[in-house]
Amino acid sequence: MTGPGSPPSRPGTAQPGRQPYGQGAARLSPLVLLIDPIRMLPSLFLPLMGVLVAGGFSPTSFGWAAFGVAGSVLYAVIRWVTFTYSVTADRVELTRAFVGRSVRTIPLERIRGVDITTPPLHRLLGLAVLKIDTGAGGGDAEGELDGLTMGEAERLRAVLLSRGPAALPHPQGSLARDHAGSDMPSNIGSNAGSGAGPGVPAFPAGTTAAHVPIPAAHVPEQVHARVPRSWLRYGPLSGAYLLTPFALAAGAVGLVFQWGDELGLTERNVRRAVEWVWAHPVLPVAVVVVLVLAMPLAGGIAYAIFNWDFSLRSRDGYLIAERGLVTRRAVSLELRRIRGYELVDGLIERWVGVVRLWAVVTGLGDSQTRGQLLPVTPRKFAAAVASEVIGPLSAPLRPHPPRARRRRLFRAVAPWLVTAAVALALGWAVVTLAALALAAVGIPLGLDRYRSLGHAYDGTRLSVRSGSLRRAQAVVERRAIVGWTVRQTLFQRSSGVLTVVAGVGAGSGGYLAIDTGEAQGVEFAAEVTPDWIRPFLSKPPS
Amino acid sequence: MRGPLRDPAHRVSRRAIALWLVEALIGFGFLVGGAALVAYWIGGSDWALVPGWLSDHAWLLPVAVAVVMLPFVIVEPLWRYAVHRWELAGDVVYARSGWLSREWVFVPVSRIQTVDKAQGWFERVLRLATVRIRTASHAGSSTIQGLDYEVAARLAEELARRAQELRDDAT
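Residues numbered from 1 in each chain as written. Chains lettered and ligands numbered in written order. Predicted model: local features only at pLDDT ≥ 70, side-chain atom pairs only at ≥ 80, totals over all residues. Heavy atoms only, no water.

**Digging into the interface of chain A and chain B**
Next up, step 1: On the side of chain B, 27 residues touch chain A, which itself brings 32 residues to the contact.
Next up, step 2: Across the interface of chain A and chain B, roughly 2,500 Å² is buried in total on both sides, 59% from carbon and sulfur atoms.
Next up, step 3: On the chain A side of the interface with chain B, the three residues burying the most area are Val482(A), Trp532(A) and Phe536(A), jointly 28% of the side's total.
Next up, step 4: Connecting chain A to chain B are 1 salt bridge.
Next up, step 5: Scanning the region where chain A abuts chain B turns up 10 residue pairs in polar contact (both at pLDDT 80 or more).
Next up, step 6: Looking at the side of chain A that touches chain B, the elements that each hand over two or more residues are β18 (481–488), α14 (490–495), β19 (497–504), α15 (518–528) and α16 (530–533) of chain A.
Next up, step 7: No other element matches β18(A), which puts 8 residues into the side of chain A that touches chain B.
Next up, step 8: A per-class count over the side of chain A that touches chain B returns 15 nonpolar, 11 polar and 6 charged.
Next up, step 9: With 5 bridges connecting them, β18(A) and strand β4 (residues 102–108) of chain B associate as antiparallel partners. Considered in β4(B), the bridge of Gln488(A) is made with Arg102(B). (Contact = heavy atoms within 4.5 Å. Buried area = accessible area lost by both parts, 1.4 Å probe. Salt bridge = Lys/Arg side-chain N within 4 Å of Asp/Glu carboxyl O. Polar contact = N/O pair within 3.5 Å; in protein donor to acceptor, adjacent residues only side chain to side chain. Helix = DSSP H or I, 4+ residues; strand = E, 2+ residues; numbered from the N terminus. Nonpolar A, V, L, I, M, F, W, Y, C, P; charged D, E, K, R; others polar. Pairing = 2+ DSSP bridges.)

Below, the structure written as structure tokens:
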């Protein structure tokens, strides 16, 4: 265990001969010590109350409680003192020397992205949490620096990110304006000037010799999109966060049970309460109705809190998506690793004409939250941003054959008809009617599923689309494809259709063109990668 | 088969039929055994949920399962032998597999990340091997079962060598 007085840079932390990058081993901001005890408060509260109650609030018990508080503060101090981080020419090292000594080494070229979040307490003190994403599937391989000053976090991000392979020149922002329709707000592609002041790193001479140094001052930060606050109204349409009221209610119930003893909650009282509720069945029904009515409102509020002032910028070959009201979160994605994008819209979103945008990134852990490029925004805007940042798809989707429609319809209707028949045979009238109703709903659903199907290739990118309740269109670069799988089930065979899966080493791994015609599907694969498929066609194409 | 794709050039080893037969028999055994267990349980219970005629003739269940499934045990290995084929041409692995449902896989050697040659217990007895070709995506990965050991070894060797030469890191 290191005493509080030990020097910040200890022998052995940085390897001899390795030039420390920036300063040597550094500590987190001492301000984090103000946050730690507050964060421990909830877990300390019960034991402390227990000590006080057990001691009958005597002076001794207060003494013990004070001892406990002092102990936890001391623990926080020791943890702070014994944790250091250093960035050398080729790696980040996080050293923890509390009881044992552990050094986590993250090679700089393995860093896929750097996230900066500022939870509310951190924000008050001007601190931030910096997470290093190595694409190793989360967990232990990632690095976290909880409690850097905002300036240091920005500086570290710039240092860590600029150390990756040289940034690609990214597409210019003029494209979006050409695409812009009349209802397009003029906030795409506007230039924010040269980055935030503290974010521009000062490169010590000699440390970047092997790499192309990125002249940070000459690459102005470019703003691709700022989502206006008025678009937050689209949030509830996405269906995300709609269950917020139920989650809150469940959380409250959980708290009651957890602290039940303190609140005088005994088994007898519970039973009495249940009996009372049983006698007044209106109450739980009313509660459920209130919760359901609260769904769009609470969902909208939760959405607004998480997606407040969403902005998408690029700098030094990285895309930075920043969002959040209470906790600001800035996720950076290496442009070099982006292989395409995915446009996702639900049924209601489609009626309103809004979509969500995700990036398809190789080796990205937690791509659901990290890969998000835009929250719910109008389709035209999202498409313009996607083609500006990643690249356009300039080919219309080709529809799949009518046999595919028959299959979609059958699959949406038949299971419910079977259920209805079985229920009818067993004499369950309610189930029969419900199943019949669902079968009826299945008709438009099946038709819509068919309308969603499509695939396209424009010479650079291919695209596939499917789904109805959640429709997703993926647009992926040709060079990202690592192989093809063509599948045909017995039923597909009798309908003369098949499913073509483009294997991509990014995103969800495979993108499906469902129920293409037999020749159509194989032709699609052959069109995208002729060298791989043409030799195996049964007859040379005319 | 008629279709837009021609048959891959090579069949797998004829001994693969035996392998698939053994596997099918094991599956068959589990299925019939499970059915017998369920029958035993139904026969012993006098639940109102289970109709009387069923619990009285519970022994019919495993018999019915056996009668229905037995043809498949015979047919599946032969059918698979007809479908399973593979080819390495123009630095692309082209393989077909399946029986009721089929799957064609195209994996360019330049995108291969690992090549495994694996032998299970039965495969060892039958001198067979499985070649697993992995890329960065599960949808671009291929498994060729039931190859003669010598053929599998040569294929794995060749693939590993060519993959080394053609390594393409675009993904």
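**Focus: the packing of aromatic side chains**
Next up, step 1: A full pass over the atoms with the stated rule returns 9 aromatic pairs over all chains.
Next up, step 2: Each ring, one from Trp64(A) and one from Phe67(A), has its centre 6.0 Å from the other, and the planes form 90°; the classification is edge-to-face. Here the residue Trp64(A) and the residue Phe67(A) both occupy positions in helix α2 (residues 59–82), the gap between them amounting to 3 residues, near one helical turn.
Next up, step 3: Under the relative-accessibility criterion, Phe67(A) is labelled exposed at 58%.
Next up, step 4: For the ring pair Tyr94(B) and Phe106(B), a centre distance of 4.9 Å and an interplane angle of 10° mean the geometry is stacked. (Phe/Tyr/Trp six-rings, centres within 6.5 Å; stacked < 30°, edge-to-face > 60°. Buried < 20%, exposed > 50% of the residue type's maximum accessible area, 1.4 Å probe, protein only.)

**Side note on α15(A)**
Next up, step 1: The complete set of buried residues in α15(A) reads Gly521(A), Val522(A), Phe524(A), Ala525(A), Ala526(A) and Val528(A).
Next up, step 2: Each element contacted by the buried residues of α15(A) is listed here: β15 (454–457), β16 (461–466), β18, β19, β20 (510–517) and α16 of chain A.

**A word on unusual backbone geometry**
Next up, step 1: Phi is positive for Asp309(A), which is not a glycine, with a value near 50°.
Next up, step 2: When you line up the elements, Asp309(A) lands in the loop between α8 (282–307) and β9 (311–315).
Next up, step 3: For Asp309(A), a relative accessible area of 28% gives the class partly exposed.
Next up, step 4: Phi at Arg127(B) takes a positive value of approximately 55°, unusual for a residue other than glycine.

Remember that the coordinates give geometry; whether it matters functionally is a separate question.
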